[in-house]
Amino acid sequence: MRMTPMIESFVCHFGEMGSRWGFNRTVGQIYALLVINQQPLSANDIGELLGISRGNVSMGLKELHSWQLVHTTHRPGDRKDYYQSRGSIWDMANRVFEERRKREIDPTLSLLRDILLDEAGNAEEAYAQERIAEIHDLLENITDWAQSLQSLSPEKLNTLMKLGSGVGKVLEFKDKLMAKKAD
């Protein structure tokens, strides 16, 4: 593989996106190379293509393994490890969502539950707990919704996404029907 301008542009951008997904720029760039490469790459290949040290490659691959985004392969007669992205793009998105939930949402929900279990000492704390309960409930609903989406096949999720604003229109129509029944 060679770093053409198109591939380099993608890899650099993916590195920037990786920092928003919860891992550093270099890890994002390593993953980008593995995603767009048909053949597994060795750590040396990755280091040469990205111009980074072997140690940096090793730490990046370790991080990607912890996210379960890559797997190691071997070639007959070759002692080197080769790395390849694991699964489809849909699998990658699910894994990133799941890891972010574990690392960010779950600890937040746990903290909010602990706060809500405490007895309010005064009116200000009671009000704060009401607001915290709203945040907790929103995060719980979003988490449940995201897990439901993750269980859908890529085809069903694509269909759902194509519905787009149509879902909102259906819900508005349902509300109008329910309002007429109540009258």
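These numbers were taken from a predicted model, which means no experiment stands behind them. (Residues numbered from 1 in each chain as written. Predicted model: local features only at pLDDT ≥ 70, side-chain atom pairs only at ≥ 80, totals over all residues. Heavy atoms only, no water.)

Draft legend 1. Region of the structure containing the nonpolar core. Ile30, Leu34, Ile46, Leu61 and Leu69 are the most contacted members of the largest nonpolar core, which totals 25 residues. A total of 6 residues in this core trace back to one element, the largest contributor, which is helix H2 (residues 25–36). Once residues lying within four places of it in the same chain are set aside, the contact partners of Ile30 are Ile46, Leu50, Ile52, Asn56, Val57, Gly60, Leu61 and Leu64. (Core = buried A, V, L, I, M, F, W, Y, C linked by side-chain atoms within 4.5 Å. Buried < 20%, exposed > 50% of the residue type's maximum accessible area, 1.4 Å probe, protein only. Helix = DSSP H or I, 4+ residues; strand = E, 2+ residues; numbered from the N terminus. Contact = heavy atoms within 4.5 Å.)

Draft legend 2. Summary view of the packing of aromatic side chains. According to the stated counting rule, one finds 3 aromatic pairs in the structure shown. Between Phe10 and Phe14 the ring centres are 5.1 Å apart and the planes differ by 45 degrees, which places this aromatic pair in the tilted class. Residue Phe10 and its partner Phe14 are both found in helix H1 (residues 5–21); the two are separated by 4 residues, about one turn of the helix. On the basis of relative accessibility, which here comes to 31%, the residue Phe10 falls in the partly exposed class. Seen in terms of ring centroids, Phe14 and Tyr31 are 6.0 Å apart; in terms of plane orientation they differ by 40 degrees. Their pairing is tilted. Of this pair, Phe14 sits in helix H1 while Tyr31 sits in helix H2; the two residues are 17 residues apart in sequence, bridging distant segments of the chain. Residue Tyr31 is classed as buried on the basis of its relative accessible area, which comes to 1%. The positively charged end of Arg75 is found above the aromatic ring belonging to Tyr82, 3.9 Å away from the centroid. (Phe/Tyr/Trp six-rings, centres within 6.5 Å; stacked < 30°, edge-to-face > 60°. Lys NZ or Arg CZ within 6 Å of the ring centre and 35° of its normal.)

Draft legend 3. Structural view of unusual backbone geometry. Although it is not a glycine, Gln68 adopts a positive phi angle of roughly 60 degrees. Summarising the element assignment, Gln68 is placed in the loop between helix H4 (54–66) and strand S2 (70–73). A residue is classified by how much of its surface remains accessible, and Gln68, at 42% relative accessible area, is partly exposed.

Draft legend 4. Region of the structure containing the UniProt feature "domain: HTH marR-type" (unreviewed entry) in the chain. In the numbering used here, UniProt assigns the feature "domain: HTH marR-type" (unreviewed entry) to residues 22–80. Along residues 22–80 the backbone is 56% helical and 10% strand, and the end-to-end C-alpha distance reaches 29 Å. (UniProt positions renumbered as here; feature names shortened; annotations may be inferred.)

Draft legend 5. Region of the structure containing the sheet that holds strand S3 (residues 82–85). Pairing within the open sheet is antiparallel, and its 3 strands lie in the order S1-S3-S2. Only two strands of the sheet have a single partner each, and these edge strands are strand S1 (41–42) and S2. The pairing of S1 with S3 spans 2 bridges and is antiparallel. Paired with Ser42 across the bridge in S3 is Tyr82. Strands S2 and S3 of the sheet are contacted by H4, whose axis makes an angle of about 115 degrees with S2. (Pairing = 2+ DSSP bridges. Axes fitted to C-alpha atoms, helices over the stretch in contact; angles between N-to-C directions.)

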